[in-house]
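Each chain, letter by letter, is given below.
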Amino acid sequence: MRGGSGEAAADAGAPAGGVGTEGSLSPEAAAEAAKLLPFLAPGARADLQEAAAGHVLALTGSGPGRTLLAGQAALLRALVELAAAAAPAPAPAPARDAARALVNLAADPSLHESLLAAAPGLPARLLGRALDPQWPWAEEAAAVLANLSREPAPCASLMEALTAAEPGEAGLERLVRALCTPGYNARAPLHYLGPVLSNLSQRPAARAFLLDRDRCVVQRLLPLTQYPDSTVRRGGVVGTLRNCCFEHRHHEWLLGPEVDILPFLLLPLAGPEDFSEEEMERLPVDLQYLPPDKQRESDADIRKMLIEAIMLLTATAPGRQQVRDQGAYLILRELHSWEPESDVRGTCEKLIQVLIGDEPERGMENLLEVQVPEAVERQLQELDRQEQEQCLREQQERELSPEPQAEGAAPT
């Protein structure tokens, strides 16, 4: 089960001096980095603190620079303190650069162990900052958490931090509320809370919270599948919903009137097609008579996750029937004709085959519980490998083919 989050990276600029021609840091650069520690400490002169934080941010823009910093636990702790210090806050520029440096460090999974060893409480501290409606660098804090939670161990630490939140309101409830409340933080958009929630939804405890029928969490997330201002937030929410669809015991509820998830998964996949009256009547009301300028989801990864979520909802016989009854095939048929990405098109084909194919034999109706014979599993893996190779070849062909020149444009 994938988290579905995009990797966050801060604008680090060019690495500071000391990077050799082979991409490795010189001994002089390592010594200079060690000298930065006093200038990152609380109470350091503001201009020197700003210069030191900027230097560290530049170092995180290169692999050797990140590796160097990961080996200096004291410097990492100072960076965390600077990025997440309580009021009175440090000068804005150093705190911002320190937070962005942590984003870049957390983007490298090989550094997670060093980062968490130097600052074991990092997930909890950043969670508090990300959910603080007044914190100016809350988006950076959320981006660090999105990067960290891609891996199982940091994700478990973050889940523990959410569970240990103050009494009265569950930590996950605060996270969902921040994600779903426009203007929750006037100085930070908090788009990266989407991937954070998606990564957390890989864990059974998080899915249990999200699918709690008394909390109405899923219903609050559904409108964000069409959130126009951020692919990151949109993808995170779709990834969360897709992970929730692994819980086949909840499919009837998800597809039923209390949630009615299918139109929210199909609408981003729909274009401006003009169906016949008979076909139109088979579609949910929200998918009927769409405007001629209706655009499909622009991000291929999100389109694929939407299809995968619907596929999961067809795991059981009642789910397959409900998806068929709501005209999903019509939307997927048109999507397949339009889809430019071969891997997304292949995923769409598999779902169409489930919808139009014969029902499995008795005892194998739940596709999530079927034990696939080893020979068949090897065959499926080989087909997947061939499909991936075909996708790679098509991508390489697109990259190597010359871009069409616009009419009347001067040659470069």
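Scroll up a little and you will see the structure.
Residues numbered from 1 in each chain as written. Predicted model: local features only at pLDDT ≥ 70, side-chain atom pairs only at ≥ 80, totals over all residues. Heavy atoms only, no water.

With 14 residues, helix α3 (residues 46-59) should reach 20 Å at 1.5 Å per residue; the first-to-last C-alpha distance of 20 Å fits that figure. For α3, the set of buried residues is Gln49, Ala52, Ala53, Val56, Leu57, Ala58 and Leu59. (Helix = DSSP H or I, 4+ residues; strand = E, 2+ residues; numbered from the N terminus. Expected span 1.5 Å × (residues − 1). Buried < 20%, exposed > 50% of the residue type's maximum accessible area, 1.4 Å probe, protein only.)

Examined against the element boundaries, Thr347 turns out to sit in helix α22 (residues 342-356). You can call Thr347 buried: its relative accessible area is 11%.

Now for the packing of helix α9 (residues 138-148) against helix α12 (residues 193-200). Taken N-terminus to C-terminus, the directions of α9 and α12 make an angle of 30°; their axes are 8 Å apart at the nearest point. Classified by the interaxial angle, the pair formed by α9 and α12 is roughly parallel. Here the hand of the crossing between α9 and α12 comes out left-handed. In contact with Ala142, Leu145 and Ala146 of α9, α12 contributes Leu193, Pro195, Val196 and Asn199. Looking at the contact of α9 with α12 residue by residue, the classes come out as 6 nonpolar, 1 polar and no charged. (Axes fitted to C-alpha atoms, helices over the stretch in contact; angles between N-to-C directions. Parallel < 35°, antiparallel > 145°, perpendicular 65-115°, else oblique. Left-handed = near helix turned anticlockwise from the far one by under 90°. Contact = heavy atoms within 4.5 Å. Nonpolar A, V, L, I, M, F, W, Y, C, P; charged D, E, K, R; others polar.)

Before going further, it helps to spend a moment on the state of the cysteines. Inspection of every chain in the model, using the stated rule, returns 0 disulfides. Looking at the unpaired Cys245, the closest cysteine sulfur is the one in Cys244, lying at 7.0 Å. A relative accessible area of 0% means that Cys245 is categorised as buried. (Disulfide = S-S within 2.5 Å.)

Within the secondary structure layout, Leu48 lies in helix α3. Relative accessible area serves as the criterion here: at 33%, Leu48 is assigned to the partly exposed category.

In this structure, Thr60 sits in the loop between α3 and α4 (63-70). According to the relative accessible area criterion, Thr60 is buried, its value standing at 1%. Within the structure, Thr60 has its side chain in polar contact with the backbone oxygen of Leu57 (distance 2.6 Å). (Polar contact = N/O pair within 3.5 Å; in protein donor to acceptor, adjacent residues only side chain to side chain.)

Our focus in this paragraph is the packing of aromatic side chains. Here the distance between the centres and the angle between the planes together describe a pair of aromatic rings. Enumeration according to the criterion identifies 0 aromatic pairs in this entry. The residue whose ring lies beneath Arg233 is Tyr227, and the NZ or CZ to ring-centre distance is 4.8 Å. (Phe/Tyr/Trp six-rings, centres within 6.5 Å; stacked < 30°, edge-to-face > 60°. Lys NZ or Arg CZ within 6 Å of the ring centre and 35° of its normal.)

This paragraph deals with the pattern of salt bridges. Under the defined criterion, the tally for this structure stands at 16 salt bridges. We note a salt bridge from Asp212 to Arg215, for which the minimum N-O separation is 3.4 Å. Looking at Asp212, the relative accessible area reads 26%, which means it is partly exposed. Counted as one network, the salt bridges with shared partners bring together Arg207, Glu247 and Arg249. (Salt bridge = Lys/Arg side-chain N within 4 Å of Asp/Glu carboxyl O.)

Okay, helix α21 (residues 328-338) next. The complete set of buried residues in α21 reads Ala328, Leu330, Ile331, Leu332 and Leu335. Next to the buried residues of α21 lie α17 (262-266), α18 (277-282), α19 (300-313), α20 (317-325) and α22.

Despite not being glycine, Leu190 shows a phi value in the positive range, around 65°. Tracing the backbone shows Leu190 in the loop between α11 (171-180) and α12. For Leu190, a relative accessible area of 1% puts it in the buried group. One non-glycine residue, Asp260, adopts positive backbone phi at about 55°. Structurally, the position occupied by Asp260 is in the loop between α16 (251-255) and α17. A relative accessible area of 30% means that Asp260 is categorised as partly exposed.

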